[in-house]
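# Per-entry structural report
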Amino acid sequence: MTVTRVGIAGGGTMGAGIAHRLLVRGIEVVLVERDDVDAANAHDRVATGLRLAHERGYLADDVDGVLERLTTAGALNAFDGLGFVIEAVPELPELKRDLLGRIEPILADNAVLATNTSSLSIDGLAAGLQRPERFCGMHFFNPVPASDLLEVVRGRATDDGTIEAATELGERLDLTAIVVDDAPGFATSRLGVALGLEAIRMVEDGVGSAEDIDTAMRLGYKHPVGPLRLGDLVGLDVRLGIAEYLAAELGPRFAPPRLLRDMVADGKLGKKSGEGFFVWE
Ligand SMILES: NC(=O)c1ccc[n+]([C@@H]2O[C@H](COP(=O)([O-])OP(=O)(O)OC[C@H]3O[C@@H](n4cnc5c(N)ncnc54)[C@H](O)[C@@H]3O)[C@@H](O)[C@H]2O)c1
């Protein structure tokens, strides 16, 4: 069955980006935030993203017309009867588990419920669900409107129909979907964080400047963006959280460097705070 309406829980960086991607491809979006004030902010975030895309020539459609497909709300009952919902709230296992458990009973019987977690265990998040077979990971990448990949994560209980539905939705969004099993950090975060942490240790050890270390990977290895700039874009607090989780699951090779902890404690979170390894205007 073709999905025409998708719910998103959490309209921050990722939720707003996922909404953008769905809306411009003609899919209606119901975006739910914590309360009405946050819902209005999330609406603004999506509208700003669409306007920028229009101004820069990435989006030909009239922005107000696209926004007609967006509904924002401050309470979960806006998801009533939906067949597809993606959760994109902060990377806090208790918050996600609690929210997923409250969303599931509101949805249609056979609805797909997905999480955009970057690294948390799908089986762990599915623990309280009544229909874990309809639950999977849909890991989108930042910035979502410009990304190419969707990492679909299969939990132990996830059925084939759910994987197909998630993959199909990704293809409608012009994303290439890969399917991986539920292992800490999946394929992308595990490799990406390993590289990012080593780059931070190299700054800490004085091996080179952030700029030069990034240039090494961009020009030497053809990475489109260096690991330190990428950390700034993702958010260093987000990076720290994932590193702590991977260190607990996979061992001390993922232990966050002192420099990363200090920068987060000093409020240097990357692009969103205006400064990280680079200064952001
Ligand atoms: N930022 C990235 O680059 C990135 C990339 C891939 C995946 N992710 C994952 O996406 C998820 C969201 O990350 P983000 O960067 O968008 O975070 P964010 O902090 O920008 O946004 C989270 C949003 O969730 C909202 N929220 C909190 N509690 C809520 C609730 N109970 N109900 C509804 N909304 C609620 C917050 O108000 C906020 O707007 C995380 O799991 C993260 O690991 C992030």
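Residues numbered from 1 in each chain as written. Predicted model: local features only at pLDDT ≥ 70, side-chain atom pairs only at ≥ 80, totals over all residues.

Here we take up the overall build of the chain. In terms of helices and strands, the chain carries 11 helices and eight strands. Over its C-alpha atoms the chain spans a radius of gyration of 19 Å, differing by no more than 12% from the 19 Å that the globule rule assigns to 281 residues. Buried residues in the chain amount to 44% of all 281 residues. Looking at the chain alone, contacts between residues at least 24 apart form 66% of all its contacts between residues at least 6 apart. (Helix = DSSP H or I, 4+ residues; strand = E, 2+ residues; numbered from the N terminus. Rg over C-alpha atoms; globule rule 2.2 N^0.38 Å. Buried ≥ 20, exposed ≤ 12 C-beta atoms within 10 Å, placed from the backbone. Contact = placed C-beta atoms within 7 Å.)

The next point concerns the packing of helix α8 (residues 210-221) against helix α9 (residues 227-234). Between α8 and α9, whose axes approach to 7 Å, the crossing angle comes to 105°. Put simply, α8 runs roughly perpendicular to α9. Taking contact as the criterion, the partners of Ala-210, Ile-213, Asp-214 and Met-217 in α8 are, on α9, Pro-227, Leu-228 and Arg-229. Per-class residue counts for the contact of α8 with α9 are five nonpolar, no polar and two charged. (Axes fitted to C-alpha atoms, helices over the stretch in contact; angles between N-to-C directions. Parallel < 35°, antiparallel > 145°, perpendicular 65-115°, else oblique. Nonpolar A, V, L, I, M, F, W, Y, C, P; charged D, E, K, R; others polar.)

The ligand sits among 25 residues. The nearest are Gly-10, Gly-12, Met-14, Ser-118 and Asn-142. Of the residues that constitute the shell around the ligand, the class distribution is 11 nonpolar, 10 polar and four charged. Taken domain by domain, the shell around the ligand gets at least three of its residues from each of domain 1 (5-181) and domain 2 (188-272). (Near = placed C-beta within 6 Å. Domains from an automatic or database assignment.)

Taken together, the eight strands give an open sheet; going across it, the order is β3-β2-β1-β4-β5-β6-β7-β8, and neighbouring strands pair in mixed fashion. Two strands in the sheet have a free side with no partner beyond their single neighbour: β3 (70-73) and β8 (176-181). Averaged over all pairs of adjacent strands, the angle between their axes in this sheet comes to 25°, without regard to strand direction. Bridge count for strand β6 (residues 135-139) against strand β7 (residues 149-154) is three bridges, and the pairing is antiparallel. Note that in β7 the partner of Met-138 across the bridge is Val-152. Most of the contacts of helix α6 (residues 160-172) go to β7, to which it runs at about 175°, and overall it touches β4 (84-87), β5 (112-115), β6, β7 and β8. (Pairing = 2+ DSSP bridges.)

As a general feature of sheets, a regular strand has side chains that alternate between the two faces. Here β4 shows two buried faces, one formed by Phe-84 and Ile-86 and the other by Val-85 and Glu-87. Of the pairings in the sheet, the one linking β4 to β5 comprises four bridges and is parallel in character. Its bridge partner being in β5, Ile-86 is matched across the sheet by Ala-114. For the crossover that starts at β4, traverses helix α4 (residues 93-103) and ends in the parallel β5, the hand is right-handed. (Right-handed = clockwise from strand over helix to strand, strands pointing away.)

As assigned here, the chain comprises domain 1 (5-181) and domain 2 (188-272). Between the C-alpha centres of domain 1 and domain 2 there is a distance of 26 Å. Looking at side-chain class alone, the side of domain 1 that touches domain 2 contains one nonpolar, four polar and two charged residues.

Moving on to the packing of helix α10 (residues 236-250) against helix α11 (residues 258-265). Between α10 and α11, whose axes approach to 9 Å, the crossing angle comes to 135°. Relative to α11, the element α10 lies oblique. With respect to the hand of their crossing, α10 and α11 are arranged in left-handed fashion. Residue-level inspection shows Leu-236, Asp-237, Arg-239 and Leu-240 of α10 in contact with α11, the latter providing Leu-260, Arg-261, Met-263 and Val-264. Residues of the contact of α10 with α11, tallied by class, amount to five nonpolar, no polar and three charged. (Left-handed = near helix turned anticlockwise from the far one by under 90°.)

Before going further, it helps to examine the nonpolar core. In this structure, Ile-8, Ile-18, Ala-19, Val-29, Val-85 and Leu-113 are the most contacted members of the largest nonpolar core, which totals 74 residues. Two domains share this core, each providing at least three of its residues, namely domain 1 (5-181) and domain 2 (188-272). (Core = buried A, V, L, I, M, F, W, Y, C linked by C-beta atoms within 7 Å.)

Tracing the chain through its elements places Ala-187 in the loop between β8 and α7 (188-204). Classification of Ala-187 as partly exposed rests on a count of 16 C-beta atoms within 10 Å. Taking C-alpha positions, Ala-187 is 9.5 Å from Ser-119, a pair spaced 68 residues apart along the chain.

So, about unusual backbone geometry. What you tend to see is this: most non-glycine residues have negative phi, and most peptide bonds are trans. In the segment running from Asn-142 into Pro-143, the intervening peptide bond is cis, with an omega of -5°. Among the structural elements, Pro-143 can be located in the loop between β6 and β7. Not every positive phi belongs to a glycine, and Asp-174 is a case in point at roughly 60°. With respect to the element layout, Asp-174 can be found in the loop between α6 and β8. Assessed through the 11 C-beta atoms surrounding it within 10 Å, Asp-174 is described here as exposed. You will see that Lys-222, though not glycine, has its phi angle at about 60°, which is positive. Looking at Lys-222, the number of C-beta atoms within 10 Å reads 7, which means it is exposed.

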